[in-house]
Amino acid sequence: MCGITGYIGCRDATPILIEGLLKLEYRGYDSAGLALLDNGTLDVKKKKGRVSVLAEEVDKHPFRATMGISHTRWATHGGVTDANAHPHVSSDGNFAIVHNGIIENYENIKKFLLDKGYSFSSQTDTETLVNLIAYHYEHRTPPDSENRFLEAVRKTLRHIEGTYGFAVISKLCPDEMIAARKGSPLIIGVGKNEYLVSSDILGFAGRASNVIYLEDGQIASITRDNCDIVTVSNAPVDVRVNEIDWELENAELGGFDTYMEKEIFEQPKALENAIRGRISDDMSTAKLSGLNITPNELRQFDRILFCACGTAWHACLAAEYLIEKYARIPVDVEYASEFRYRNAPLDKNTLVFVISQSGETIDTLEALRESKRKGFRTLAITNSVGSTISRESDGGLYQYAGKEIGVASTKAFTSQIAICLLVALYIGRMRDLSFAAGREIVSAINSLPRAVESVLAKASGIEKIAQKYTSYEDFLFLGRLAEFPIALEGALKLKEISYIHAEGYPAAEMKHGPIALVCPECPSVILANSDDISLKIVSNAQEIKARKGPIIAVTDRPELFDGIADDVIAMPRVHESIRGIVATVPLQLLAYYIARSRGCDVDKPRNLAKAVTVE
Ligand code: G6P
């Protein structure tokens, strides 16, 4: 949700900033801009559109500087226009800022500043922030302050309500950049006589292996050879430098047309990485030391609460089925955005689990923080090493799925479910699950990468089916039990990237409403990979057929759909514990091929962003 980069050093800042923005475009892509500072001149360029549009503008009118800040935007306050694009400059022309987050009290601040003679040229909340910094610098910070710029920012932040991750530069302090964070991620890359700033380590584009994670309430004063950090209340902070493993962060297209396609095809590898080293030597349970919790402590919990957003929320629903089935512990699943405000009564022996690919989603982070404030033990499943959620949870499991760039989540989803299956197995074996049943699940888990590969091998057949359905505008996705969350995820994938209306429903529940949509113009994708209930699902399919609704069956028992389904995607027969993961793959491919043939930009779907760091 908005990407920020900053550079201060000895090299030409422009290519570093532009390359960083290109890497961060998955966070937002409706406009982009940069501000460079050299010899007392502030050069600002900003344009509606993708980073490539800004890059063309920069090429036409180059400006050489060794420090600067840049931004790729996902609009919150104010439409998508050149004027609302970042950076924003204070009305005295002295300060330029790039900001991610929302200043909630911006209207009051704006009134105050208008009274003082400051003017505004955009509709954004950010412009009030930069003007308030200018005001504090000019009127509230003595010229002989030890670090007047830092002091002005610090005083400003005491009046700000809301969230921010920002970098600000000033003509008046030409060798310093100030960066601060509350609620929106910000990382400082440490180089030799240079520093970089970014919302995500990807924005460093491999230029910094040593990083400082700025924490909420911290402000950094960065020069070419030093970085000091204080808190908003002016307490000094011990600066800790961490090393990043760039291999994990590798995010090149590698011959694929889009990141989404690449990430769908990377799933066997991502699953291998999720499982590696996490199976016990006797092959009957999981080894999950990252949970940071002893078996005895774990046995004390009699309820698990999962919180997440978007696709990760669907992974929580899948976890509910797996954990209740194999570990026999009741599981509740909450949207993080609801949970954080609704003050839900929680039993004292509840374990709270959050799932977040990015580890930065603000609602999930706040759900985690609220659970901690209430004294609950919190665990996290995330794909981003060093992310805020991974740092703030009491323990957790990394997915190691490799960086996911496509805005619509694919490999992260299947890897999250695989990890939840490991959790179900681990807790199950501490409770009622037998040694033999544990071994069966382990064997299923080990077969997972190959099972997914066998579905990927059907991609061209799925593409042909997709071609038949590109012009439909409504879809139903139906599944039962453990395949219900997968139906929800299939519908979400289709709507996210193709803009087709799609609804996921439990197959039998469909009779209580969605059946009204069934007609020749509304195809149903039916998941039927469960022995026990397949015949019931066939009856549901008959009900759709009787109303002339086209049917695509995704099933390991194709014979059941003879004469009923218009198209069948035949699935391998796999153990029930991994069926959901395997059944996800054809739905991802179906959505992908439909969206591609409609000419949609699957990696950057309209209005969406990958890491949602605003409420
Ligand atoms: C956004 C993304 C989704 C993702 C959701 C939660 O909406 O577009 O793909 O599932 O955020 O993200 P998280 O990083 O917390 O898993």
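This text follows the structure it describes.
Here the structure is a predicted model, which means the values were calculated and not measured.

Notes on the nonpolar core
At step 1: Formed by 97 residues in total, the largest nonpolar core has its most connected members in Phe306, Ile323 and Phe475.
At step 2: Ranked by residues supplied to this core, first place goes to helix α14 (residues 411-430) with 13 residues.
At step 3: Counting residues domain by domain, this core receives three or more from each of domain 2 (246-451) and domain 3 (458-603).
At step 4: Residue contacts for Ile323: discarding those within four places in its chain leaves Ile304, Phe306, Arg328, Ile329, Val331, Cys420, Val423 and Ala424.
At step 5: Core analysis: the next-biggest nonpolar cluster, separate from the first, contains 30 residues, Phe95, Tyr137, Ala152 and Val153 among them.

Examining the environment of Ile381
At step 1: Checked against the element boundaries, Ile381 lands in strand β18 (residues 377-382).
At step 2: Separated by 38 residues in sequence, Ile381 and Ile419 place their C-alpha atoms 7.9 Å apart.
At step 3: Ignoring anything within four residues of it in the chain, the contact list for Ile381 reads Phe353, Val354, Ile355, Ser356, Leu397, Gln399, Gln416, Ile419 and Cys420.

Looking at the pairing of strand β6 (residues 95-100)
The side chains of a regular strand alternate, residue by residue, between the two faces of the sheet.
At step 1: Most of β6 is tucked away: 6 of the 6 residues are buried.
At step 2: Neither face of β6 is exposed, since Phe95, Ile97 and His99 on one face and Ala96, Val98 and Asn100 on the opposite face are all buried.
At step 3: In the sheet, strand β5 (residues 88-89) pairs with β6 via 2 bridges, with the strands oriented antiparallel. Bridge pairing links His88 to Ile97 in β6.
At step 4: Hairpin connection of β5 to β6: 5 residues between the antiparallel strands, including Gly93 at a positive phi of 80°.
At step 5: In this structure, β6 lies alongside strand β7 (residues 164-170), joined through 6 bridges in antiparallel fashion. Each residue of the ladder has a partner; that of Asn100, found in β7, is Gly165.

Description of the side chain of Arg278
At step 1: You can see Arg278 is positioned in the loop between α8 (267-275) and α9 (295-300).
At step 2: The buried charged residue Arg278 lacks any salt bridge, with Glu272 as its nearest oppositely charged partner at 13 Å.
At step 3: When near neighbours in sequence (up to four residues on either side) are disregarded, Arg278 contacts Thr285, Ala286, Lys287, Leu288, Leu397, Tyr398, Tyr400, Ile419 and Leu422.

Thoughts on unusual backbone geometry
At step 1: Cis geometry is adopted by the peptide bond preceding Pro87, which originates at His86 and carries an omega value of 5°.
At step 2: Residue placement: Pro87 occurs in the loop between β4 (67-73) and β5.
At step 3: Phi angles above zero are rare outside glycine, and Asn193 is one such case at about 55°.
At step 4: Owing to a relative accessible area of 43%, Asn193 belongs among the partly exposed residues under this scheme.

Re the site of the ligand
At step 1: As a structural note, the neighbourhood of the ligand is formed by 13 residues, with Thr311, Ser356, Gln357, Ser358 and Thr361 the closest of them.
At step 2: Within the side chain of Ser358, an N or O atom sits 2.6 Å from an oxygen atom of the ligand.
At step 3: The separation between an oxygen atom of the ligand and a polar main-chain atom of Val407 is 3.1 Å.
At step 4: Burial of the ligand by the surrounding chains reaches 90%, relative to a free accessible area of 390 Å².

Some details on the pattern of salt bridges
At step 1: With the rule as written, the count across this model stands at 35 salt bridges.
At step 2: The partner of Glu25 in a salt bridge is Lys604, and the shortest N-O contact between them spans 3.5 Å. Remark: Lys604 occurs in the segment after α19 (579-597) and Glu25 occurs in the loop between α1 (13-24) and β2 (31-38); sequence separation between them is 579 residues.
At step 3: A salt bridge links Arg181 to Asp216; its shortest N-O distance comes to 2.6 Å. Taken together, the positions of Arg181 in strand β8 (residues 173-182) and Asp216 in the loop between β11 (210-213) and β12 (218-223) put the pair 35 residues apart, joining distant regions of the chain.
At step 4: Note on Arg181: relative accessible area 1%, which makes it buried.
At step 5: Via salt bridges that share partners, Arg181, Asp216, Glu366, Arg369 and Glu392 belong to a single interconnected network.

Quick look at the sheet that holds β7
At step 1: Pairing in this open sheet of 6 strands is antiparallel, and the strands run β5-β6-β7-β8-β12-β13 from one edge to the other. For this open sheet the edge positions go to β5 and β13 (226-231), each flanked by a neighbour on one side alone.
At step 2: In the packing of helix α4 (residues 126-140) onto the sheet, the strands contacted are β5, β6, β7 and β8, and the crossing angle to β6 comes to about 140°.

Some words on empty space enclosed by the protein
At step 1: Applying the stated criterion across every chain yields a total of 5 cavities of 30 Å³ or more.
At step 2: A volume near 300 Å³ is recorded for the largest cavity.
At step 3: Lining of the largest cavity is provided by 28 residues; of these, Asp200, Ser358, Ser384, Ser387 and Lys403 occupy positions nearest its centre.
At step 4: Elements represented by at least two residues in the lining of the largest cavity include exactly α6 (246-249) and α13 (388-392).
At step 5: For the lining of the largest cavity, a count of residues per class yields 10 nonpolar, 9 polar and 9 charged.

Some thoughts on helix α17 (residues 484-498)
Helical geometry: 3.6 residues make up each α-helical turn, so side chains three or four residues apart lie on a common side.
At step 1: For α17, which comprises 15 residues, the first-to-last C-alpha distance of 21 Å matches the rise-based estimate of 21 Å (1.5 Å per residue) to within 8%.
At step 2: Here α17 lies mainly inside the structure; 14 of its 15 residues are buried.

Overview of the sheet that holds strand β21 (residues 501-506)
At step 1: Strand order in this open sheet of 5 strands is β21-β20-β22-β23-β24, and the pairing throughout is parallel. The sheet terminates laterally at β21 and β24 (567-570), the two strands that pair on one side only. Going across the sheet, the axis of each strand differs from the next one's by a mean of 15°, ignoring polarity.
At step 2: Two strands pair when backbone bridges link them, and strand β20 (residues 474-479) and strand β22 (residues 524-528) are joined in this way by 3 bridges, in the parallel orientation. Bridge pairing links Phe477 to Val525 in β22.

Overview of the side chain of Asn383
At step 1: With respect to the helices and strands, Asn383 occurs in the loop between β18 and α13.
At step 2: Classification of Asn383 by relative accessible area gives buried; the value is 10%.
At step 3: Polar side-chain contacts of Asn383 include one of 3.0 Å to the backbone nitrogen of Ala401.
At step 4: A distance of 3.0 Å separates a polar atom in the side chain of Asn383 from the backbone oxygen of Gly402.
At step 5: If sequence neighbours within four positions are ignored, Asn383 has contacts with Ser356, Gln357, Gln399, Tyr400, Ala401, Gly402 and Glu404.

About the thresholds
Residues numbered from 1 in each chain as written. Predicted model: local features only at pLDDT ≥ 70, side-chain atom pairs only at ≥ 80, totals over all residues. Heavy atoms only, no water. Core = buried A, V, L, I, M, F, W, Y, C linked by side-chain atoms within 4.5 Å. Buried < 20%, exposed > 50% of the residue type's maximum accessible area, 1.4 Å probe, protein only. Helix = DSSP H or I, 4+ residues; strand = E, 2+ residues; numbered from the N terminus. Domains from an automatic or database assignment. Contact = heavy atoms within 4.5 Å. Pairing = 2+ DSSP bridges. Lys, Arg positive; Asp, Glu negative; His and termini not counted. Salt bridge = Lys/Arg side-chain N within 4 Å of Asp/Glu carboxyl O. Near = heavy atom within 4 Å. Polar contact = N/O pair within 3.5 Å; in protein donor to acceptor, adjacent residues only side chain to side chain. Areas by Shrake-Rupley, 256 points an atom, 1.4 Å probe, with all protein chains shown as cover. Axes fitted to C-alpha atoms, helices over the stretch in contact; angles between N-to-C directions. 1 Å grid on protein atoms, 1.4 Å probe; cavity = no way out; pocket = protein on both sides within 12 Å on 5 of 7 lines; lining within 4 Å. Points joined across faces, edges and corners; volume = space filled by probe spheres on them. Nonpolar A, V, L, I, M, F, W, Y, C, P; charged D, E, K, R; others polar. Expected span 1.5 Å × (residues − 1).

Spatial relationships are all this shows, so hold off on functional conclusions.
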